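# A look at the structure
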2 protein chains.
Amino acid sequence: MASPEIEALTQALSKLPGLGPRSARRAVLHLLKKREGALAPLLNALMAVEKNLSNCSICGNIDTTNPCAVCADPRRDARALCVVEEVADLWALDRSRLFPGRFHVLGGRLSALEGVRPEDLAIESLVRRIADGGIDEVVLAMNATLEGQTTAHYIAERIERFPIRITQLAHGLPVGGELDYLDEGTLAQALRARRPVA
Amino acid sequence: MASPEIEALTQALSKLPGLGPRSARRAVLHLLKKREGALAPLLNALMAVEKNLSNCSICGNIDTTNPCAVCADPRRDARALCVVEEVADLWALDRSRLFPGRFHVLGGRLSALEGVRPEDLAIESLVRRIADGGIDEVVLAMNATLEGQTTAHYIAERIERFPIRITQLAHGLPVGGELDYLDEGTLAQALRARRPVA
């Protein structure tokens with residue numbers, strides 16, 4: 001059996017999503033064999049991140065700078081604000097490079113089951129950001145789940161008093177989606193939101 | 001887009017076997033969200049390992065101690081030596097707790113294709129270990145591949161002059177193996193090595 005240090009490393013890695021005990025062991029072996037090429041870089045990267053990790057005081061994103069790289073980016077349109085449930089959603093939308101504005105991370109979704117109430121999410125700070133002005137449009141980019149949509153509706157009500165456009169992501173057929181494979185919910189959405197052929 | 005530190009961390013993680021760019025990003029997010037619960041432990045484990053990582057000067061195992069935990073274990077039978085291709089194989093056999101003896105890691109297999117010659121493997125050190133005496137049996141635990149078996153035969157020839165038992169892992173049906181799903185090679189091995197029903 002390996003030394004406690006190596007066991008501890010395997011343990012720590014196996015906790016990562018996508019890595020089980022077996023793959024963690026493979027990963028450890030890889031790191032041990034490639035000390036310079038893999039272990040050192042990972043170690044340095046982890047240290048660099050750990051040193052100055054923080055939540056963005058503006059949008060709630062996690063980054064090594066505060067404000068985060070997204071909020072600090074001057075090329076972004078401060079007048080458009082995209083509200084997402086999780087940091088992961090922010091990253092996904094940001095990767096797509098499709099949204100030119102800023103973001104706001106709620107830190108979850110309203111859920112009766114999990115007992116998540118409005119005060120558990122970063123909704124007050126969102127309202128404050130909008131109240132501070134300078135924002136023309138708020139895009140509610142919640143997940144297309146029951147809880148996501150409930151959250152979207154709640155937020156829409158909370159901010160409808162402001163003179164801003166409130167929009168949400170379109171629902172319908174995903175690209176490449178085949179009708180006979182899609183669930184009724186999606187088909188219903190797509191049909192309800194049908195548009196005249198341009 | 002995220003800060004360079006986080007990008008670097010994603011890069012480093014995506015290099016691990018079993019983790020692609022997407023899963024690496026998920027892993028990073030997990031680490032960032034669980035700073036105390038996941039990031040810190042992983043960082044500490046990596047540092048602990050990196051600090052005193054070394055190849056065992058006896059068997060070639062990778063460990064944080066030299067001699068490695070296996071070679072240093074007094075409960076192990078020093079008279080039985082199991083020769084494996086890679087550290088991964090040593091770990092696999094060691095996990096199974098089935099072999100009570102010590103190990104010797106060759107660091108690969110003879111391969112005409114990849115141009116791996118005997119002098120590229122830890123064969124000399126193996127011969128020396130055996131020549132030093134105190135070993136009764138050498139188990140050649142190479143992979144059941146053409147190259148693995150070639151390596152086993154080569155080593156068997158190199159050490160046949162010593163007064164020791166030279167054995168190799170049995171080949172045949174894997175546990176749970178169904179005849180009509182097994183390859184001809186395995187079936188041939190199983191048939192050739194058939195044994196009288198006890």
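Residues numbered from 1 in each chain as written. Chains lettered and ligands numbered in written order. Predicted model: local features only at pLDDT ≥ 70, side-chain atom pairs only at ≥ 80, totals over all residues. Heavy atoms only, no water.

A few words now on the relation of the copies chain A and chain B. When chain A is brought onto chain B, the operation consists of a screw motion whose angular component is 180 degrees and whose axial shift is 0.0 Å, with 0.0 Å RMSD remaining. These values place the two chain copies in the arrangement generated by a two-fold rotation axis. Relative to the rotation axis, the C-alpha of Leu43 of chain A is the closest in chain A, positioned 3.4 Å from it. In this assembly the copies share their binding face: 100% of the residues contributing to the interface of chain A also contribute to that of chain B. (Least-squares fit on C-alpha atoms with pLDDT ≥ 70 in both. Contact = heavy atoms within 4.5 Å.)

All names here are of chain A. Across the sheet, 4 strands lie side by side as 4-3-5-6; this open sheet has parallel pairing. If you trace the sheet from one side to the other, it starts and ends with strand 4 (101-105) and strand 6 (165-168), each paired once. Direction aside, the axes of adjacent strands within the sheet are offset by 25 degrees on average. Both strand 3 (residues 77-84) and strand 4 contribute to a ladder of 5 bridges, which runs parallel. Within strand 4, the position partnered with Val84 by the bridge is Val105. Each of strand 3, strand 4 and strand 5 (137-140) is contacted by helix 6 (residues 123-131), which is oriented at about 150 degrees to strand 4, the strand it contacts most. (Pairing = 2+ DSSP bridges. Helix = DSSP H or I, 4+ residues; strand = E, 2+ residues; numbered from the N terminus. Axes fitted to C-alpha atoms, helices over the stretch in contact; angles between N-to-C directions.)

What follows covers the confidence of the model for chain A. Residues and elements named next belong to chain A. In the predicted model, chain A carries a mean pLDDT of 90, and 99% of its residues have values of at least 70. Between the elements of chain A, mean pLDDT differs from a low of 83, seen in helix 8 (residues 184-192), to a high of 96, seen in helix 6. Scoring the predicted complex yields pTM 0.75 and, for the interface, ipTM 0.76. (pLDDT = per-residue confidence, 0-100.)

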